[in-house]
Number of protein chains: 2
Amino acid sequence: MGFLSLSFEIKEKDLLGRIGKLKTKTTTVETPLLFPVINPSSQPIPSRRLKETFGCQAIITNSYIIKKRFKQIPLEQGLHKFLDYNGAIMTDSGAYQILVYGEVEVTQKEIINYQEGIGSDIATILDIPTGWKVTKEDAEVTVAETLRRAKAFFDLKTRDDILWVGPIQGGRHLDLVAQSAVEMSKLPFQIHALGSPTEVMENYRYDVLADMILTAKKGIPIQRPLHLFGAGHPSMFALAVSLGCDLFDSAAYALYAREGRYMTENGTWRLDQMDYFPCSCPQCASETPQNLKLKPAKEQEVFLAEHNLHVCIAELRRIKQAIRDGRLWEHTEMRLHAHPALLSALKRVRNYEDFLENFSPTTKPSGFFYFTAVGLARPEIVHYRKHLTQRYTPPTEAKILFLLPQTRNKPFHKAPEMKKIRQLMRMLGKDLAAQVHICIYAAPFGIVPIELDEVYPLSQHETALPIDIETINYVADQTAEFIKRNNYMGIVLFNDKKLWNDAVKDAAQNTCKAQALTFDSIETTNTNGTRELLNQLLKTLQKQLELTENKKD
Amino acid sequence: MGFLSLSFEIKEKDLLGRIGKLKTKTTTVETPLLFPVINPSSQPIPSRRLKETFGCQAIITNSYIIKKRFKQIPLEQGLHKFLDYNGAIMTDSGAYQILVYGEVEVTQKEIINYQEGIGSDIATILDIPTGWKVTKEDAEVTVAETLRRAKAFFDLKTRDDILWVGPIQGGRHLDLVAQSAVEMSKLPFQIHALGSPTEVMENYRYDVLADMILTAKKGIPIQRPLHLFGAGHPSMFALAVSLGCDLFDSAAYALYAREGRYMTENGTWRLDQMDYFPCSCPQCASETPQNLKLKPAKEQEVFLAEHNLHVCIAELRRIKQAIRDGRLWEHTEMRLHAHPALLSALKRVRNYEDFLENFSPTTKPSGFFYFTAVGLARPEIVHYRKHLTQRYTPPTEAKILFLLPQTRNKPFHKAPEMKKIRQLMRMLGKDLAAQVHICIYAAPFGIVPIELDEVYPLSQHETALPIDIETINYVADQTAEFIKRNNYMGIVLFNDKKLWNDAVKDAAQNTCKAQALTFDSIETTNTNGTRELLNQLLKTLQKQLELTENKKD
């Protein structure tokens, strides 16, 4: 597998996430990738140690700050020697300082030349961040000016071996983000970045962030990597990767450490509130909070920075393994239960389900787990619904739709309950049985024709029981649509009231009424034993088949 | 804090989980506690290392197997020297072997004397496990025989310094579990255990397991610790602790390792399917799957055993920190998204919500996170509902109930939207305003009278938006109940259709109709600007107040 690109090759994918190889002039790195931010003036973990102990393949530093503070030295030594780091080095341009301070004391030409001069592997133009609470008019200005600078950049650059980042602006104004993405991707940048999401995250508006990322993704070529600036907390890596972000930078691992904050993939603690370290990293496995609190502040900071980084790196490995396993949705859904604002972002994905389905594999190495209606946006479910709507026709002889409830065991046709149904079909006789089309109503897919029930993933999934109401409603809607779309003459429903609370029954009945179809339903529970129940089903099917015969005449 | 007991002291609690101190003759250990199973014939991690490197305060071994294989040696050396372990040692009795092989070659007297002889700190009577697919009649026999043996035990024991475990049987027959728990707890055991859940877990029936644990818990005194036999996978520790289990044993960390299986708190991988280690433990932080796969089998086994144990221990620390933080529900809900069968267990908890509410603190050090309707079983929500139903009365002057939708910011009365409402009340004038009772309809609590909105946790929570339909229905039901229960003369509803989809409106309207109350609703969106909207609300309130006045006359 692999998708052609000059510097970026996609190896594996799931949802909009992918494992890729990004080729820089120094080294080839694997994505999704975290660039720890290096502050040469105050660095709790030496950059050499980042590579040797933590296995970091890349780091990022701020060229604007380096230029201001160290001037000629990095130019003379080269950035890699200056930072004592022989992996890939990305540089930011000072755009974040524009956002915070309003302006910077450097021109775009100067900072481009400086990044070229020090030998960055990945470098950034001097874009204008939009920010968070910005009117549409002001946002338009940042988008236009960023685009003007992006265009101007190509006349300013002098080296061809650096990967340049073209940032996308627009903030929460999604039409502007879309426009910015489309315009920026017309220019030959090797990498794009989503600008200034920091304030969005600080306000816990992960739903807006999801909108921004997905809008940007729709605008740029899928084979260009996307960097999410300032997204350094491991609780959101899974979300960002699922939505198509490939690169992250984290100053947080070090900044949090300085403030006594302990990161986990599920949230943040203050060291002074901790009694236990909920982590197995080398730091936490051999230390207690009680003991650490007695140590000098600098030691605490280094401990926390190392712990924080271990957590970030392990989470990215976890995400990569999930992509390989085809289980990125499961992993993300689980992680987003760290905070309601994160789960809100996943709920937003349903608005983009076609886009996700278009780019995500829908056949996986393993089955999938379905928990609640949030999962209805999964590519597998959207894909099946489209398939059933656009390409499926029932067997030509089918006149009666015989709807059975899902069984605990799958595939349905091998479940113990199906023995009785096959017995019933035999009692009906071969000719009549051929006119009865057995379909299963099942969460989360809706209607599953029995002849398809071994097609992936119709039996390769597990659903949390009891089924949540939103999923029940979805199945009921799918049932109604299925009846409307096809030309059955009657419906016999075997109603599992306990699990489905009559929702599928009501939907089927109302649809039959509107379409003038015969409808009968038999309760799975309302019976004097299996024999009597089978008899009841048999009689109902026979009655409907007879009606059908008469109508034909 | 602390609850009197001879050997067990509860220090902190949340849900039915607790942090406790269990005093054994060798040492005092902290619960929730995992006893790694020691097999003296084949032990991937030496027991001394378990204590020194992993900090394990206790281990468990099978006295029946030790007796069979090593006979006199442990009696002569003493168990602690024999196992080279100076922490607390628990022994099982061979009951599991009865379950697997049908019988054992030892009498209860022999195995009790043997456990006393070798000096176990915690020891187990020879109970008869019920097993999984067992008829009620057969289950009754195991319960009765276990009880008979439990009673006989007290005449057989000769030492008073050992903590003895009284197992509860009954399997999935909950009435038998209840009976077994009640009868066993009449006997002076220091610890109880839930017998043979292994097969229940192997069948992924965590919902049944939840029923079994909660049924047992209801039967035994809350201050006796409960051991869950054979529950060694970290993905279910949070569930088990939340439901009141204090002690666990894990053979799985070693057995899985032998089979090349890699545990995480979210599930299990096979080493041969792994490309990345999704973990930061000392093993995984410095090794890759590719490299490990090249090493000798024995090295792989030790690596995996150490990793598996790191994960188990970190998860128990995580759970303890969650108890301290009052966030055990959040932690458990997140963890149970590892598998739909685990989430099903949490859905089962709603059947026991009163029991949970009775024993769990409902005031916490921090706010809480609400994701979906699964959270409706939370003690905080049950507690508030009871409070509102049983002890709350509206202000005496209140005649009109003015229902406002929840705001993004909390507490409600400090939200920006409330400024306009206060303006409205001023326009109404002091006397009339006093007759209008402002309440908020809000997820997940239902109706929040404005004067209570700073009471914990009515403003100290975050809810995932959009709200799921089951939660919306709950709020709608609570609204209807609130109107029925109190004596308002009319209701004015400010309807946020976008968030609530008319569910609260319909519930309020229907209730008003049934109770012959005046009902008006104004849409938050259907307006020509804020001024016009306020005017509309003002007129409606004035109209209803006038009607009220007339009715009084």
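Residues numbered from 1 in each chain as written. Chains lettered and ligands numbered in written order. Predicted model: local features only at pLDDT ≥ 70, side-chain atom pairs only at ≥ 80, totals over all residues. Heavy atoms only, no water.

Digging into unusual backbone geometry
The general pattern is negative phi for most residues beyond glycine and trans for most peptide bonds. Stated formally: Helix numbers and strand numbers start at the N terminus; a helix is a DSSP run of H or I with at least 4 residues, a strand a run of E with at least 2.
Here tyrosine 456 of chain A and proline 457 of chain A are connected by a cis peptide whose omega angle stands at -5°. Note that proline 457 of chain A resides in the loop between strand S17 (446-449) and strand S18 (461-463). For the bond from lysine 410 of chain B to proline 411 of chain B, the omega torsion is -5°, close enough to zero to count as cis. Structurally, proline 411 of chain B can be placed in the loop between strand S15 (400-405) and helix H20 (416-428). Notably, aspartate 84 of chain A is not glycine yet its phi reads approximately 55°, a positive angle.

Points about the relation of the copies chain A and chain B
The line we're drawing: The least-squares superposition of copies is restricted to C-alpha atoms, and to residues with a pLDDT of at least 70 in both copies. The contact definition used throughout considers only heavy atoms, calling two residues in contact when any of these lie within 4.5 Å.
Expressed as a screw transformation, the operator carrying chain A onto chain B has a rotation angle of 180° and an axial translation of 0.0 Å, and the superposed copies differ by an RMSD of 0.0 Å. In short, the pair behaves as if placed about a two-fold rotation axis. Of all interface residues in chain A, 100% are interface residues in chain B too; the two copies therefore contact each other through one and the same surface.

Brief notes about the interface of chain A and chain B
Definition in use: Throughout, buried area stands for the accessible area (probe radius 1.4 Å) lost by two parts on being put together, summed over both. Each salt bridge in this description consists of a side-chain nitrogen of Lys or Arg and a carboxyl oxygen of Asp or Glu lying within 4 Å of one another. Pairs of N or O atoms are called polar contacts if they sit within 3.5 Å, as long as, within protein, a hydrogen donor faces a hydrogen acceptor (for residues adjacent in sequence, only side-chain-to-side-chain pairs).
Opposite the 53 residues of chain A that make contact, chain B presents 53 residues. Between chain A and chain B, the buried area comes to about 4,700 Å², and carbon and sulfur atoms account for 56% of it. In this assembly, chain A and chain B are joined by two salt bridges. On inspection of chain A and its partner chain B, the count reaches 23 residue pairs in polar contact (both at pLDDT 80 or more). Counting only elements with at least two residues in the side of chain A that touches chain B, the list comes to helix H13 (282-285), helix H15 (297-325), helix H16 (328-335), helix H17 (340-348), strand S14 (368-370), S18 and helix H22 (469-485) of chain A.

Focus on the pattern of salt bridges
It is possible for side chains of opposite charge to pair when their charged atoms get near one another. Residues and elements named next belong to chain B. Quick reminder of the rule: Burial status follows relative accessibility: with a 1.4 Å probe on protein chains alone, a residue under 20% of its type maximum counts as buried, one over 50% as exposed, and anything between as partly exposed.
Enumeration according to the criterion identifies 80 salt bridges over all chains in this entry. With its nearest N and O atoms 2.6 Å apart, the salt bridge here joins arginine 18 to aspartate 246. One end of the pair, arginine 18, is in strand S2 (residues 17-23); the other, aspartate 246, is in the loop between helix H11 (237-242) and strand S11 (247-250), with 228 residues separating them in the sequence. Grouping residues by exposure puts arginine 18 and aspartate 246 together as buried. The salt bridge partner of lysine 298 is glutamate 301, with a shortest N-O separation of 3.5 Å.

Considering the sheet that holds strand S16 (residues 436-442) of chain B
Either a parallel or an antiparallel arrangement is found when strands of a sheet pair, and the pairing is made through backbone hydrogen bonds. All names here are of chain B. Formally: DSSP bridges decide pairing: two strands pair if at least two such bridges lie between them. A fitted line through C-alpha atoms serves as each axis, taken over the contacting stretch for helices, and the angle formed by two N-to-C directions is quoted from 0 to 180°.
Across the sheet, which stays open at both edges, the five strands sit in the order S17-S16-S15-S19-S20 with mixed pairing between neighbours. Looking at the sheet topology across the chains shown, the edges are occupied by strand S17 (446-449) and strand S20 (518-523). Sheet twist, expressed as the mean angle between neighbouring strand axes with direction ignored, is 25°. Taken strand by strand, H20 contacts S15 and S16, and its axis lies near 160° from that of S15.

Focus: the sheet that holds S2 of chain B
All names here are of chain B. Read from one edge of the open sheet, three strands run S1-S2-S3, paired in antiparallel fashion. If you trace the sheet from one side to the other, it starts and ends with strand S1 (8-14) and strand S3 (28-31), each paired once. Geometrically, the sheet is characterised by an average inter-axis angle of 10° between neighbouring strands, direction not taken into account. Bridge analysis of S2 against S3 gives four bridges, and the strand direction is antiparallel. Among the inter-strand pairings, leucine 22 is bridged to a residue of S3, identified as valine 29.

Regarding a positive patch on the surface
All names here are of chain A. This is how it is decided: Each patch is built from residues that are more than 30% exposed by relative accessible area and take part in no salt bridge. Like charges join if they lie within 9 Å; nonpolar side chains (Val, Leu, Ile, Met, Phe, Trp, Tyr) join within 5 Å. We get accessible surface area from the Shrake-Rupley algorithm with a probe of 1.4 Å; when it comes to residues, only the shown protein chains can shield them. Neither His nor the chain termini are counted; the positive set is Lys and Arg, and the negative set is Asp and Glu. To locate a charge, take NZ of a lysine, CZ of an arginine, CG of an aspartate or CD of a glutamate.
Together, Lys419, Lys420, Arg422, Arg426 and Arg531 make up a positively charged patch on the protein surface. For the positive patch, the element with the highest residue contribution is helix H20 (residues 416-428), accounting for four residues. Tracing the sequence through the fold places arginine 426 in helix H20. The class for arginine 426 is exposed, based on a relative accessible area of 60%.

Re the environment of arginine 317 of chain A
Examined against the element boundaries, arginine 317 of chain A turns out to sit in helix H15. Note on arginine 317 of chain A: relative accessible area 18%, which makes it buried. The spatial distance from the C-alpha of arginine 317 of chain A to the C-alpha of leucine 33 of chain A is 9.6 Å, given a sequence separation of 284 residues. Setting aside chain neighbours within four positions, we find arginine 317 of chain A in contact with Tyr276, Phe277, Pro278, Cys279, Ser280, Cys284 and Ala285 of chain B. A polar contact is formed between the side chain of arginine 317 of chain A and the backbone oxygen of cysteine 279 of chain B, at a distance of 2.4 Å.

A word on a nonpolar patch on the surface
Together, Tyr96, Val100 and Tyr101 of chain A make up a nonpolar patch on the protein surface, roughly 340 Å² of accessible area in all. Within the element layout of this structure, tyrosine 96 of chain A appears in helix H5 (residues 95-101).

What about the packing of aromatic side chains?
The description of two aromatic rings rests on the distance between their centres and on the angle between their planes. All names here are of chain A. Note the threshold: In this scheme Phe, Tyr and Trp rings, the latter by its six-membered ring, pair at centre separations within 6.5 Å, and the angle between planes marks the pair as stacked below 30 degrees, edge-to-face above 60, and tilted otherwise.
Scanning the entire structure with this criterion turns up 33 aromatic pairs over all chains. Residues phenylalanine 482 and tyrosine 488 carry aromatic rings whose centres are separated by 6.0 Å and whose planes lie at 35° to one another, so their mutual orientation is tilted. Taken as a pair, phenylalanine 482 and tyrosine 488 share a single burial class, namely buried. Ring pairs connect the aromatic residues Phe153, Phe154, Trp164 and Phe189, which therefore count as one cluster.

What is shown is where atoms sit, not what they do.
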